[in-house]
Amino acid sequence: MKQLNQLILCSESEGRSFLRELAVFDQFAIVTHIEAMPFRYHETLKKLKKAKEEIVPLTVPVQRTHRHTGCPFCGRAGTFQCNGCGYVSCRNGAKPDHICPGCKKTFKTAPVDVTYASGSGFVNDGLRPDKTGNPQSATFETDLWKRANGKLIKLINHRNAFPS
Ligand SMILES: [Zn+2]
Ligand SMILES: [Zn+2]
């Protein structure tokens with residue numbers, strides 16, 4: 001089992017984001033926690049993340065439990081991965097179009113076979129097409145779980161260090 005994260009922008013409330021924690025198994029992944037981020041906090045987190053971070057492609061289905069459903073800000077359960085700016089955002093599954101909160105562009109949505117996750121939750125580099133036009137791939141590392149956990153703890157400690 002590997003513990004990874006996805007940072008997801010809310011497409012309804014501007015400046016809002018949440019961290020979706022995934023436990024990744026061979027056949028499926030489960031959402032184990034959803035952490036609502038303070039206003040515009042993803043901008044701070046992005047500055048803290050390592051420049052070269054492993055982006056892990058997931059080809060297994062992501063299962064939600066009833067404790068951890070959708071976006072904590074608007075309740076939407078769907079997600080959209082933007083190949084333009086590389087942000088993941090919450091999505092209203094009933095609509096064919098989606099306005100990406102990362103780049104403000106409107107996209108037609110389509111189902112995908114692969115999602116991305118990482119230690120910090122940012123998956124931008126995995127989603128942005130490389131020079132060949134294909135999304136960049138990355139391989140699993142044996143110590144990824146340890147690094148992912150350590151990074152998340154550091155990020156959360158950093159956030160808690162802000163005066164309230
Ligand atoms: Zn939302
Ligand atoms: Zn975008």
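Structure: see above.
Residues numbered from 1 in each chain as written. Chains lettered and ligands numbered in written order. Predicted model: local features only at pLDDT ≥ 70, side-chain atom pairs only at ≥ 80, totals over all residues.

Undergrad: Describe the sheet that holds strand β5 (residues 62–63), with residues and values.
TA: Ordered by their spatial adjacency, 6 strands build an open sheet running β5-β3-β2-β1-β7-β6, and the pairing between neighbours is mixed. Of all the strands in the sheet, just β5 and β6 (78–81) have a single pairing partner and so form its edges. Pairing geometry for strand β1 (residues 2–9) and strand β7 (residues 88–91), over 2 bridges, is parallel. Opposite isoleucine 8, over in β7, you have valine 88 as the bridge partner. (Pairing = 2+ DSSP bridges. Helix = DSSP H or I, 4+ residues; strand = E, 2+ residues; numbered from the N terminus.)

Undergrad: Break down the pairing of strand β2 (residues 17–24) for me, citing the residues and quoting the values.
TA: Taken across its 8 residues, β2 has 7 buried, putting it largely inside the fold. Note: β1 against β2, 8 bridges, orientation antiparallel. Opposite glutamine 3, over in β2, you have alanine 23 as the bridge partner. Here 7 bridges tie β2 to strand β3 (residues 29–36), and the two strands are oriented antiparallel to one another. Bridged to arginine 20 within β3 is isoleucine 34. Hairpin connection between β2 and β3: a loop of 4 residues separates the two successive antiparallel strands. (Buried ≥ 20, exposed ≤ 12 C-beta atoms within 10 Å, placed from the backbone.)

Undergrad: Summarise unusual backbone geometry; cite the residues concerned and give the values.
TA: If you check the backbone angles, arginine 40 has positive phi at about 55° while not being a glycine. You can see arginine 40 is positioned in the loop between β3 and α1 (41–48). Phi angles above zero are rare outside glycine, and lysine 104 is one such case at about 65°. With respect to the element layout, lysine 104 can be found in the loop between β8 (97–99) and β9 (106–108).

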